[in-house]
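One letter stands for each residue in the lines below.
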Amino acid sequence: MNANYSDNNAALSALYGAHLDTVKARHDHALEQAGASHAVIFSGAPKLAFLDDYYHPFKANPHFVGWAPLTALPYSYIVYTPGETPVLVYYQPRDYWHVVPDIPSGYWTDHFDIRVVNESDEAAGHLPEDREKCIAIGEFDDDTLAFGIERINPNTAINILHFARGVKTEYELAVMRLAAERGAAGHLAAEAAFRDGQPEFEIHRAYCQAVSHTDPELPYGNIIALNEHGAVLHYTDLDRTAPADMRSFLIDAGAQVHGYASDITRTYANGDQRFADLIARMEQLELEIVSNVEAGVDYRDLHVGAHGMIAAVLVEAGLAHGEPDTLLETGVTSAFFPHGLGHLLGIQVHDVGGHQQDEAGNIIDPPSGHPFLRLTRVLEEDMVLTIEPGIYVIDMLLENLRGTPAESHVNWETVDWLRPFGGIRIEDDVRVMAGTQENLTRDAFARVS
Ligand code: GLY
Ligand code: MN
Ligand code: MN
């Protein structure tokens, strides 16, 4: 693994203490509002496949990962009492069937009182005795793993923690820059495999090799889509043979570092100048939207504004005609661009709290007609979000326009031209700043190119 991603990273070590202070302060506030004295954060339990004795890939509780970069440590607990050093109950089973988690090491360890346990029920002895003053945070399919704590994931606390997670600490930003860099290196390898005429499966392998991830380590299933497959928004099949005619390549793939994700999309043409020009135009549009990201902006406005910009591109490309407002109102832009402009990004690819108006849990609904928008908040400094406009030929949606006022605004012959290329999406990860923004993805490509 690249040294930058190791547990001995000096830069991350310098930032981690302040990160933990922020995490503690958020929990202090959440505990106070919930009327509790201790938070017990459970890492999670692996899930067995139905009727089988094999486990699904383990996905740690994101609340746990927010405390420490421990993405592969089931049956473990962080016990936090305001004012005290957090206790990490670190489960290291005596198990000769599986690899056992190593002795804890790395930049984060000095900040915890670490108690290694070999049996999962030994953890009970490290929890506060007064269970009534505890809240437990995590997924408890088996209640006994909460060791008698009855208040599990109380809304008061969870809403506070989720709302706060929208804003990243300096440590989180540093980790996410590394995740962006790792993903960018994967994208370069994938583009090279595409230029070499490889099928989707081999492009995927080239990506995984470059980022040094197994499939379960990827933050989400890679979208490696040649030709028409680019129109399937979550295309995760991997054709084993290359198409005879390679026209286009849409790749939506990320990487993770210490549990934090990047989420990056690029689209490439393979010689067709008209399609290449449309990609260039969409890139210009994407960068313009990114340039509008700053603290105080309502993300719903960015999304609706993007529809207006896409309307202009549809007209320029000869895919539609009419006034932008008409193309929005009649549903033409939504048929070509049916997903949200983006979402919060962090430990989860679609990070929590995107619809939260406040820490009390009030919700800001997506604008009417835009149900899939995952981020509706007013942007704050150090939020990290994606900007990912796209246009696609999705016949299921375009056919719905037939027989409506929209039908006459679509140039169906141009749609027929675009269909074999699938679609175009360009996605960057962006940090919100005062009056400006930081493009984590473009900066990462500049570093690795
Ligand atoms: N890769 C999932 C997304 O872009 O939201
Ligand atoms: Mn995304
Ligand atoms: Mn994506």
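In what follows, the structure referred to is the one given above.
Trainee: Would you mind showing me how to read the overall build of the protein chain here?
Mentor: What the protein chain contains, in helices and strands, is 12 helices and 15 strands. Relative to the 2.2 N^0.38 estimate, which gives 22 Å for 449 residues, the radius of gyration of the protein chain is 24 Å and therefore close to what a compact globule would have. The dimensions of the protein chain, computed from C-alpha atoms along their principal axes, are 70 × 45 × 45 Å. Carbon and sulfur atoms make up 49% of the accessible area of the protein chain, which amounts to about 19,300 Å² in all. A distance of 2 Å separates the average location of the 29 positive side-chain charges in the protein chain from that of its 67 negative side-chain charges.

Trainee: Just to check I follow, could you spell out the pairing of strand β3 (residues 87–91) for this structure?
Mentor: Both faces of the sheet carry side chains from a regular strand, because those side chains alternate between them. Of all five residues in β3, five are buried; the element is thus mostly enclosed. The two faces of β3 match: Val87, Val89 and Tyr91 on one face and Leu88 and Tyr90 on the other face are all buried. The pairing of strand β2 (residues 77–80) with β3 spans three bridges and is classified as antiparallel. Residue pairing across strands places tyrosine 77 opposite valine 89, the latter belonging to β3. Counted along the chain from β2 to the antiparallel partner β3, the turn is six residues long, and its residue glycine 83 has a positive phi close to 90°. When β3 meets strand β4 (residues 113–117), the two strands line up parallel, connected through five bridges. In the strand pairing of β4, valine 87 is matched with aspartate 113.

Trainee: Please explain the coordination of the manganese ion (ligand 3) as it appears in this structure.
Mentor: Under ideal tetrahedral coordination, the four donors around a metal are separated by 109.5 degrees; under ideal octahedral coordination, the six donors are separated by 90 or 180 degrees. For the manganese ion (ligand 3), every protein donor is listed as Asp252 (OD), Asp252 (OD), Asp263 (OD) and Glu427 (OE), and the spread of their distances is 2.1 to 2.3 Å. For the manganese ion (ligand 3), the six donor atoms are set out with angles of 57 to 171° between them, so the coordination reads as irregular. Considered as a linear motif, the donors of the manganese ion (ligand 3) on their single chain read D-x10-D-x163-E. Here the manganese ion (ligand 2) and the manganese ion (ligand 3) are spaced 3.3 Å from one another, each receiving a donor from aspartate 263.

Trainee: How should I be thinking about the packing of aromatic side chains in this particular structure?
Mentor: Each aromatic ring pair is specified by the distance between its two centres and by the angle formed by the two planes. Evaluated as defined, the whole model comprises 15 aromatic pairs. A ring pair is formed by tyrosine 16 and tyrosine 107, whose centres lie 5.5 Å apart and whose planes are at 70°; its orientation type is edge-to-face. Of this pair, tyrosine 16 sits in helix α1 (residues 10–34) while tyrosine 107 is found in the loop between β3 and β4, placing the two residues 91 residues apart along the sequence. Just as tyrosine 16 is buried, tyrosine 107 falls in that class too. With a centroid separation of 5.2 Å and an interplanar angle of 50°, the aromatic rings of tryptophan 67 and tyrosine 80 are classed as tilted. A residue pair is termed long-range when its members are at least 10 positions apart, and tryptophan 67 in helix α2 (residues 62–67) and tyrosine 80 in strand β2 qualify at 13 residues. You can call tyrosine 80 buried: its relative accessible area is 1%.

Trainee: Explain the site of ligand 1 here, please?
Mentor: Residues in close proximity to ligand 1 include Tyr220, Asp252, Asp263, His343, His350, Glu388 and Glu427, which together make up its full environment. Within the side chain of aspartate 252, one N or O atom sits 3.1 Å away from a nitrogen atom of ligand 1. In this structure, an oxygen atom belonging to ligand 1 sits 2.9 Å away from a side-chain N or O atom of glutamate 388. Look at ligand 1: alone it shows 200 Å² of surface, and the protein chains cover 91% of it.

Trainee: Is there a simple way to think about the sheet that holds strand β6 (residues 223–226) in this case?
Mentor: Across a sheet, paired strands are connected by hydrogen bonds in the backbone, their directions being either parallel or antiparallel. Taken together, the three strands give an open sheet; going across it, the order is β6-β7-β10, and neighbouring strands pair in antiparallel fashion. Both edges of this open sheet fall to β6 and β10 (264–269), since each of them pairs with a single strand only. Within the sheet, the average angular offset between the axes of one strand and its neighbour, ignoring direction, is 5°. Inspection of the sheet shows β6 paired to strand β7 (residues 248–253) by four bridges, in the antiparallel sense. Residue pairing in the sheet places isoleucine 224 in a bridge with isoleucine 251 of β7.

Trainee: Mind showing me how you'd approach the coordination of the manganese ion (ligand 2) here?
Mentor: Donor atoms from the polypeptide that coordinate the manganese ion (ligand 2) comprise Asp263 (OD), His343 (NE2), Glu388 (OE) and Glu427 (OE), at 2.0 to 2.2 Å from the metal. Its six donor atoms give the manganese ion (ligand 2) angles of 51 to 156° at the centre, a pattern that matches the irregular case. One chain supplies every donor for the manganese ion (ligand 2), spaced along it as D-x79-H-x44-E-x38-E.

Trainee: Please explain the nonpolar core as it appears in this structure.
Mentor: Within the largest apolar cluster, 52 residues are counted, with the highest numbers of intra-cluster contacts made by Tyr16, Trp67, Leu70, Leu88, Trp108 and Phe112. No other element matches the nine residues that helix α4 (residues 170–195) contributes to this core. Non-local contacts of tryptophan 108, meaning those with residues more than four positions away in its chain, are made with Tyr16, Ala68, Pro69, Leu70, Leu88 and Ile114.

Trainee: What should I look at first to understand the pattern of salt bridges in this one?
Mentor: Pairing between side chains of opposite charge can happen when the charged atoms of each approach one another. Summed over all chains, the structure comprises 26 salt bridges. A salt bridge links arginine 447 to glutamate 181; the nearest nitrogen and oxygen atoms lie 2.6 Å apart. With a gap of 266 residues between them, arginine 447 in helix α12 (residues 440–448) and glutamate 181 in helix α4 connect regions that are remote in the sequence. Shared partners join several salt bridges into a network, and the residues in it are Arg266, Glu283, Glu286, Asp428 and Arg442.

Trainee: What is the right way to read the sheet that holds β4 from this model?
Mentor: The strand order across the open sheet built from five strands is β4-β3-β2-β1-β5, with neighbouring strands paired in mixed fashion. In the strand order of this sheet, the two ends are held by β4 and β5 (134–137), each with one partner. Direction aside, the axes of adjacent strands within the sheet are offset by 20° on average. Across four bridges, strand β1 (residues 38–42) lies against β2 in antiparallel orientation. Bridge pairing in β2 links isoleucine 41 to isoleucine 78.

Trainee: What should I look at first to understand the side chain of arginine 26 in this one?
Mentor: Secondary-structure assignment places arginine 26 in helix α1. One buried charged residue, arginine 26, forms no salt bridge at all, with the nearest opposite charge on glutamate 172 at 4.7 Å.

Trainee: Would you mind going over the pairing of β7 with me for this structure?
Mentor: When you tally the buried positions in β7, you get six out of six residues, the bulk of the element. What you see with β7 is no split at all: Ser248, Leu250 and Asp252 on one side and Phe249, Ile251 and Ala253 on the other are buried throughout. In terms of strand pairing, β7 meets β10 through six bridges, oriented antiparallel. Note that in β10 the partner of serine 248 across the bridge is alanine 269.

What counts, and where the lines are drawn
- Residues numbered from 1 in each chain as written.
- Chains lettered and ligands numbered in written order.
- Predicted model: local features only at pLDDT ≥ 70, side-chain atom pairs only at ≥ 80, totals over all residues.
- Heavy atoms only, no water.
- Helix = DSSP H or I, 4+ residues; strand = E, 2+ residues; numbered from the N terminus.
- Rg over C-alpha atoms; globule rule 2.2 N^0.38 Å.
- Areas by Shrake-Rupley, 256 points an atom, 1.4 Å probe, with all protein chains shown as cover.
- Lys, Arg positive; Asp, Glu negative; His and termini not counted.
- Charge placed at Lys NZ, Arg CZ, Asp CG, Glu CD.
- Buried < 20%, exposed > 50% of the residue type's maximum accessible area, 1.4 Å probe, protein only.
- Pairing = 2+ DSSP bridges.
- Donors = N, O, S within 2.8 Å, 3.2 Å for Na, K, Ca; no water.
- Tetrahedral: all angles 85-135°; square planar, octahedral: opposite > 155°, others 65-115°.
- Phe/Tyr/Trp six-rings, centres within 6.5 Å; stacked < 30°, edge-to-face > 60°.
- Near = heavy atom within 4 Å.
- Polar contact = N/O pair within 3.5 Å; in protein donor to acceptor, adjacent residues only side chain to side chain.
- Axes fitted to C-alpha atoms, helices over the stretch in contact; angles between N-to-C directions.
- Core = buried A, V, L, I, M, F, W, Y, C linked by side-chain atoms within 4.5 Å.
- Contact = heavy atoms within 4.5 Å.
- Salt bridge = Lys/Arg side-chain N within 4 Å of Asp/Glu carboxyl O.

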